[in-house]
Amino acid sequence: MDWFAAVDIYCERTGADFWSEPLNALSNLSFVVAALWGWREARRRDRTDVMTVVLIALAAAIGVGSFLFHTFANAWSSLADVVPIWTFVALFVLVAIHRIGGVRPGRIGFGLAIAVGVTAVLFAFGGDGSGSQTSAAPPTATTTAPTPTTQAHDHTASANSLLNGSEQYLPAVLALLAFAALSRRNGHPIAPWIAAATATFMVSLTLRTLDMHLCAIWPAGTHFIWHILNGLMIALLFQGLIRSPAARTA
């Protein structure tokens, strides 16, 4: 694998420059803001347990990793992008099972093994957070190699599916819907926060899906809004988790 292979899969990128995706890069500040707000609230409410602190650190790492991917835009930075994302998802699911469902930490070990397995499968089949692929096929002996500018604008080859790679987030959608239903059924105080986070994620996922399909009429794309709304989603999850009491352990 060429760790420095260029990746061009977003409308905003128009060249190989470091700042070719300014909106996509800078919008990652939303994750850092979510982490800072979570940390402030956790300290104020004396909820700075290990898992909460790790989740907050992972939220900040998502912002840093995604910033690297939308600036360097290559294979290694794609990995820096997706590892914090799926680690956060897996850990939040386990913490939520404990705090909302009241499942003892010892019983979550099996769930952890499943989460690690699912993450490994996602990586094995290329189901990463970026949907990484280069934007143009390698030139053959009978074709002229595209110039960097031409290659950067050939977005049609990047849209590898109708959903623009968003189908990989189906597990996250299902998890949010399950937690929303569970918390509402149990009358848990976190229910409104989970519902708001779920609705936010649905909107952000829709905008992520539309990014490559709107290049002709909206060159900046919609991926940066996906970042902003996901930062808001994580902030809502943190506030719900930190402000709500843990369920009785079963």
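The present account deals with the structure reproduced in this document. Here the structure is a predicted model, which is why all the values come from computation and not from measurement.

Re the overall build of the chain
The helix and strand tally for the chain stands at nine helices and zero strands. Classification of the 250 residues of the chain by burial places 46% in the buried group. Expressed as a percentage of contacts within the chain between residues at least 6 apart in sequence, the contacts between residues at least 24 apart total 78%. A total accessible area of about 12,400 Å² is found for the chain, and carbon and sulfur atoms account for 71% of it.

Focus on the packing of aromatic side chains
Under the counting rule described, the total for this entry stands at twelve aromatic pairs. With a centroid separation of 5.2 Å and an interplanar angle of 50°, the aromatic rings of phenylalanine 72 and tryptophan 76 are classed as tilted. A relative accessible area of 28% places tryptophan 76 in the partly exposed class. Ring centres 6.4 Å apart and planes at 70° place the aromatic pair tyrosine 169 and phenylalanine 201 in the edge-to-face group. One end of the pair, tyrosine 169, is in the loop between α6 (148-153) and α7 (170-185); the other, phenylalanine 201, is in helix α8 (residues 191-210), and 32 residues separate them in sequence. Clustering of aromatic rings is evident, with ring pairs tying together Phe18, Trp19, Phe67, Phe72 and Trp76. For the cation-ring pair, arginine 208 lies above tryptophan 226, with the distance from its terminal atom to the ring centre recorded as 5.7 Å.

Digging into empty space enclosed by the protein
This structure, assessed with the given rule, holds two cavities of 30 Å³ or more. As a volume, the largest cavity reaches approximately 380 Å³. Residue lining of the largest cavity: 27 residues in total, with Ile85, Val89, Tyr169, Phe201 and Met233 positioned closest to the centre. Of all the secondary-structure elements, those providing two or more residues to the lining of the largest cavity are α3 (50-72), α4 (75-101), α7 and α9 (223-243).

Things to note about unusual backbone geometry
For alanine 73, which is not glycine, the phi torsion reads 50° and is therefore positive. Here alanine 73 falls in the buried class, since its relative accessible area comes to 5%. The backbone of asparagine 164 sits at a positive phi, close to 60°, despite the residue not being glycine. Along the polypeptide, asparagine 164 turns up in the loop between α6 and α7. Owing to a relative accessible area of 9%, asparagine 164 belongs among the buried residues under this scheme.

A short note on the pattern of salt bridges
Within the structure shown, the criterion is met by five salt bridges. Taking the shortest distance from any N to any O, the salt bridge between arginine 243 and glutamate 41 comes out at 3.6 Å. With a gap of 202 residues between them, arginine 243 in helix α9 and glutamate 41 in helix α2 (residues 29-44) connect regions that are remote in the sequence. By sharing partners, the salt bridges in this structure join Glu41, Arg44, Arg45 and Arg243 into a single network.

As for a nonpolar patch on the surface
Together, Met1, Trp3, Phe4, Leu79 and Val83 give the surface a local cluster of nonpolar side chains, amounting to about 570 Å² of exposed area. Among the structural elements, valine 83 can be located in helix α4.

Describing the state of the cysteines
For the structure on display, the rule yields one disulfide. Each sulfur of the disulfide joining cysteine 11 and cysteine 215 lies 1.8 Å from the other. Across the S-S bond of cysteine 11 and cysteine 215 the torsion is about -95°, and the bridge reads as left-handed. Here cysteine 11, found in the segment before α1 (22-26), pairs with cysteine 215, found in the loop between α8 and α9; they are 204 residues apart in sequence, far enough to count as distant. Take cysteine 215: its relative accessible area is 17%, and that puts it in the buried class.

Reading the values: rules and limits
Residues numbered from 1 in each chain as written. Predicted model: local features only at pLDDT ≥ 70, side-chain atom pairs only at ≥ 80, totals over all residues. Heavy atoms only, no water. Helix = DSSP H or I, 4+ residues; strand = E, 2+ residues; numbered from the N terminus. Buried < 20%, exposed > 50% of the residue type's maximum accessible area, 1.4 Å probe, protein only. Contact = heavy atoms within 4.5 Å. Areas by Shrake-Rupley, 256 points an atom, 1.4 Å probe, with all protein chains shown as cover. Phe/Tyr/Trp six-rings, centres within 6.5 Å; stacked < 30°, edge-to-face > 60°. Lys NZ or Arg CZ within 6 Å of the ring centre and 35° of its normal. 1 Å grid on protein atoms, 1.4 Å probe; cavity = no way out; pocket = protein on both sides within 12 Å on 5 of 7 lines; lining within 4 Å. Points joined across faces, edges and corners; volume = space filled by probe spheres on them. Salt bridge = Lys/Arg side-chain N within 4 Å of Asp/Glu carboxyl O. Patch = residues over 30% accessible without salt bridge, like charges linked within 9 Å, V, L, I, M, F, W, Y side chains within 5 Å. Disulfide = S-S within 2.5 Å.

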